Amino acid sequence: MLNIWGVMLFIRLSWVFGQAGWGLGTVVIVLSCVVTTITSLSMSAICTNGVVRAGGAYYLISRSLGPEFGGSIGLIFACANALAVAMYVVGFAETVVDLLMDNDMLMVDPINDIRIVGIITVVVLLGISVAGMEWEAKAQIVLLVILLVAIVNVFVGTFIPATEVKKSQGIFNYNSKIFLDNFAPDFRGETFFSVFAVFFPAATGILAGANISGDLKDPQKAIPKGTFLAIVITGVTYLAVALCVAATVVRDATGNITDVILPGTVCNGSAAVACELGFDFSRCETETCDFGLMNNFQMITFLSGFGPLIIAGTFSATLSSALASLVSAPKVFQALCKDNIYTALHFFAKGYGKNNEPIPGYILTFFISVAIILIADLNIIAPIISNFFLASYALINFSCFHASWARSPGWRPAYKYYNMWLSLLGAVLCCVVMFVINWWIALLTYGIELLLYIYVTVKKPAVNWGSSTQAVTFVSAVGNALSLSGVDDHVKNFRPQILTLTGSPRARPALLDLAHSFTKTYGLCLTCEVFVGPRSEALQDLNAGMERNQMYLRKAKRKAFYAAVACDNFRDGTDSLLQASGLGRMKPNTLMIGFKTNWKTAGTEAVQSYVGILHDAFDFEYGTVVLRINEGLDVTHIVEAEDEMLKAVKEQRDLEKEMRANERKGKGLFRKNRKSSQQVLATRVSVCGPPPQQVAKMNEKLLQASTQFKKKQPKGTIDVWWLFDDGGLTLLLPYILTNRKKWKDSKLRIFVAGQPGRTEQDKQEMTSLLEKFRIKCSEIIVIDDIHVQATDDSLQKFRDMIEPFRLHDGSKRAAEAGAMKKEHPNKISDEELSSFEEKTNLQIRLNELLQEHSKSASLIVVSMPIARKGSISDFLYMAWLDTLTKDLPATVLIRGNHKSVLTFYS
């Protein structure tokens, strides 16, 4: 009530009803109460949906709509309270200066005197506030008693018979003619909305209870009850005082007791009512008078039973509201800074004393208030404050609507007397009123709020408050996924949705980066890990890694999801991921895996598992992508060493801190502790110490290779060897890369197999095909010697590679050969090698051509050869892949699932 009964009650209410008349004046008060009542309904619902902590409106909005909205409005609301301090102090200073003028005691001039008195007042109020809530509460009780006596004094004054002096000032006792004359508006340089803008701050104290929610015993019960009682009592008081004034005071008066009506004077014009009551105020029609509702802000003081009591009431109303705002602003600001949404402002989060008083916030509020006090014009300050408060109210209403609309199970307010559509109406009403009051201040307010919103969104503070924004995002995602499930796939809308077997996302960064380049924010990217072993042992690591790995993806700015399974073997785990990953149409369609560089030493079971995964991917109609980098992909050992080193550094810092503390306690203990710390550090260094020089160089090369897709790619080419019609995936994926920012300087070169003697014709056909597909490339190269015999040197290297895996059964008798095959079913038989001699030669020849044409390419993309299940041994197939990609720049093998991903049609 003290915060709502403010400066407007005694020094602007009479002016509002003079300008608007009591007809529209009543609308001004009722409209203000409607806005605040709807906002209070929304606030009560939010307040009773969980524990309310310090921060008031900021806390309510941020915990409902999230840090983006909360952070942006929190600063605005804290500023609004700081500006309110200035408004109330200026109102107080105006009254003091009027008293000085009446007694001819001005210090400089009216404007500068308002500034001087205002600054002195805010210094005193700052002292009371810094003293703590106990002093502030005691001061408020004293001010409340004075204010209540002053309000009663107004009503008493209307019944005391008016003296001749009062009548000359336009003050009469209750008169129906005065009441009727004051019904219609008489705007002089004002409009309904400009008058509303001046009055509205008088209704903005409704958040005073919420602002000190951290100091309340039971805020869930106290805030709704106190707020509604305050609105009703203050609304009725404003209306009653205003109607009493409208029924007893005329709009214009001279203040001269000699201006009486002479016998025979005809009464007409705007001064007709006063004329009928015996006073001639007609000259107020041509010149400005000093008294009446329109001309003197102190009319309620003159009307009252005892003028000094009204002055005391004015002081009480202004100072109590200023004091409440001076307490609210720093507490809201402190709560905002504690959440560390704006890291530069974290200094203001610090509190002092047993009540954790925000002293830095008080000082900042003081300087903001002083800056606004220097304006020294209440009618200019009030619209600015109105817009700031209305912006806060709009978001409180929208928070309630948004939380209700999201239908989150966590939205269970104990206060039931609210309605989501009424809250939405309240939000819209606040926004409309903002623009009607002052459109450019409204635009400025929203502009500031938008900039702060963008800042917080970009910074992404590490907070999780279970906001309704998250709930609505979830509901929207589920709705969109369900709507997609009712739509058949179409080739025009195909996009790669990649399931990437990275293990931990940190383990194979090159694989993750390339997959992310394909999908970005336009497709689904799953980084998957298979924990091999008994489920009971793997579950702990699996559960612990889910949040950590997803957080790593966010920090690394990789728009991807992390998924993990625990299985007895790697292939079964991958099968589970291939079959069950995704949701509806949001399902992976491409498997991406790193090349198994250690296939020659990994053992039969591991090779079978790897090749089996490729077969499974084709069985489940996945496209397949295999990435090979000569230096390798797995950096797990480097990541683990870095983690161990960081742990050692942290331990070292902790030990050094402890040693310094112990040194102060006693030297003997210090020496003992230093010895133990040196032992620990020695152990750490032995674990994390520098590796041998050769290993260090290898690790350095591996790290460089693993980050090559993170940075912007230099000018170069992506060489695409499109050798088989697989549906177009081999061509589409490199084309997608050229549309990414990091790859925009890379040009496509297309290599195709041709027939000898028809190179130009093959080239023209390929050019025509690419034009139909609307895919641009810098060059098309037809290779017409792809099927010639590979060189003897290359053939010999291949024979040496597969030698450990050959059966050499060709020279054996049938029975002996059969026994050998039965004993070593995975080895390469002579018959198999002979049957696939042509295909083997193709892989060897392709590597020679790749070495000749694409050695300097940024990336090589090659159609991946297919191994028919059951007809080609796993080791021979791995030898093909190894030979094809050996000693080349980063190479990607791609094979589509023979479903078309390119189309001619629009």
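Structure shown above.
The numbers attached to residues start from 1 for each chain and follow its sequence in the written order. Note on the predicted model: pLDDT of at least 70 is required for a residue's local features to be given, and 80 or more for side-chain atom pairs to be given and counted; whole-chain, interface and lining totals, by contrast, use all residues. As a convention, hydrogens and water are excluded, and side-chain values are obtained from all of the structure's heavy atoms.

Chemist: An account of the state of the cysteines is needed here, citing residue identities and associated values.
Modeler: Cysteine sulfur atoms that come within 2.5 Å of each other are treated as a disulfide pair. Considering all chains together, one arrives at one disulfide under this definition. Free cysteine: Cys337, not disulfide-bonded; nearest cysteine sulfur from Cys79 at 11 Å. Each residue gets one of three labels from its accessible area relative to the maximum for its type: buried under 20%, exposed over 50%, partly exposed in between, using a 1.4 Å probe on protein chains only. Look at Cys337 and you get buried, because its relative accessible area is 2%. Between Cys528, a cysteine without a disulfide, and Cys525, which holds the nearest cysteine sulfur, the sulfur-to-sulfur distance is 8.6 Å.

Chemist: Run through the nonpolar core, naming residues and quoting values.
Modeler: If you look at the biggest cluster of nonpolar residues, it comprises 135 residues, and the most contacted ones within it are Phe10, Leu13 and Tyr238. Contacts are assigned to residue pairs with any non-hydrogen atoms lying within 4.5 Å of each other. Not counting the four nearest positions on each side in its chain, Tyr238 is found in contact with Ile4, Trp5, Gly6, Leu9, Leu13, Ile29, Phe199 and Ala202. In plain words, nonpolar cores are sets of buried Ala, Val, Leu, Ile, Met, Phe, Trp, Tyr and Cys residues tied together by side-chain atoms within 4.5 Å. Among the nonpolar cores identified, the runner-up in size contains 57 residues, and Leu526, Cys528, Leu591 and Ile872 belong to it.

Chemist: Go over the sheet that holds strand S4 (residues 590-594) with me, naming the residues and quoting the values.
Modeler: With mixed pairing, the ten strands of this open sheet are ordered in space as S3-S2-S1-S4-S5-S10-S9-S6-S7-S8. Either end of the sheet is taken by a strand with one partner, and the two such strands are strand S3 (561-567) and strand S8 (779-783). Going across the sheet, the axis of each strand differs from the next one's by a mean of 20°, ignoring polarity. Bridge count for S4 against strand S5 (residues 623-628) is five bridges, and the pairing is parallel. Note on S5: the bridge partner recorded for Leu591 is Thr624. Helix axes use the C-alpha atoms of the stretch in contact, all axes being lines fitted to C-alpha atoms, and the angles between their N-to-C directions lie in the range 0 to 180 degrees. Starting at the N terminus, helices and strands are each numbered in turn, a helix being any DSSP run of H or I of at least four residues and a strand any DSSP run of E of at least two. Of the strands in this sheet, S4, S5, strand S6 (716-721), strand S7 (746-753), strand S9 (859-863) and strand S10 (891-895) touch helix H28 (residues 729-738), which is tilted by about 170° from S6. For two strands to be treated as a pair, DSSP must find at least two bridges joining them.

Chemist: Talk me through the pairing of S10; I want residue IDs and the actual numbers.
Modeler: Of all five residues in S10, five are buried; the element is thus mostly enclosed. Where burial is concerned, the two faces of S10 agree: the one with Thr891, Leu893 and Arg895 and the one with Val892 and Ile894 are both buried. As judged from the five bridges shared by S5 and S10, these two strands associate in the antiparallel manner. Each bridged residue has a counterpart across the sheet, and for Arg628 the counterpart in S10 is Thr891. Relative to S10, S9 is paired through four bridges, and the arrangement is parallel. Residue pairing across strands places Val862 opposite Leu893, the latter belonging to S10. Every crossover in which the path from the first strand over the helix to the second runs clockwise, viewed with the strands pointing away from the viewer, is termed right-handed. Read from S9 through helix H34 (residues 874-885) to S10, the crossover connection turns out right-handed.

Chemist: Quick rundown of the packing of helix H4 (residues 67-102) against helix H15 (residues 359-373)? Include the residues and the values.
Modeler: H15 packs onto H4 with a crossing angle of 50° between their chain directions and a minimal axis gap of 8 Å. Between H4 and H15, the crossing angle belongs to the class labelled oblique. Handedness of the H4/H15 crossing: right-handed. Where H4 abuts H15, its residues Ala82, Leu83, Val85, Ala86, Val89 and Val90 lie against Thr365, Ile368, Ser369, Ile372 and Ile373. The residue classification treats Ala, Val, Leu, Ile, Met, Phe, Trp, Tyr, Cys and Pro as nonpolar and Asp, Glu, Lys and Arg as charged. All others, Gly included, are polar. Here the contact of H4 with H15 is built from residues that sort into nine nonpolar, two polar and no charged. Oblique is the label for any angle not under 35 degrees, not over 145, and not in the 65 to 115 range, which are roughly parallel, roughly antiparallel and roughly perpendicular in turn. In this scheme the handedness of a crossing depends on how the near helix is turned from the far one: anticlockwise by less than a right angle means left-handed, clockwise means right-handed.

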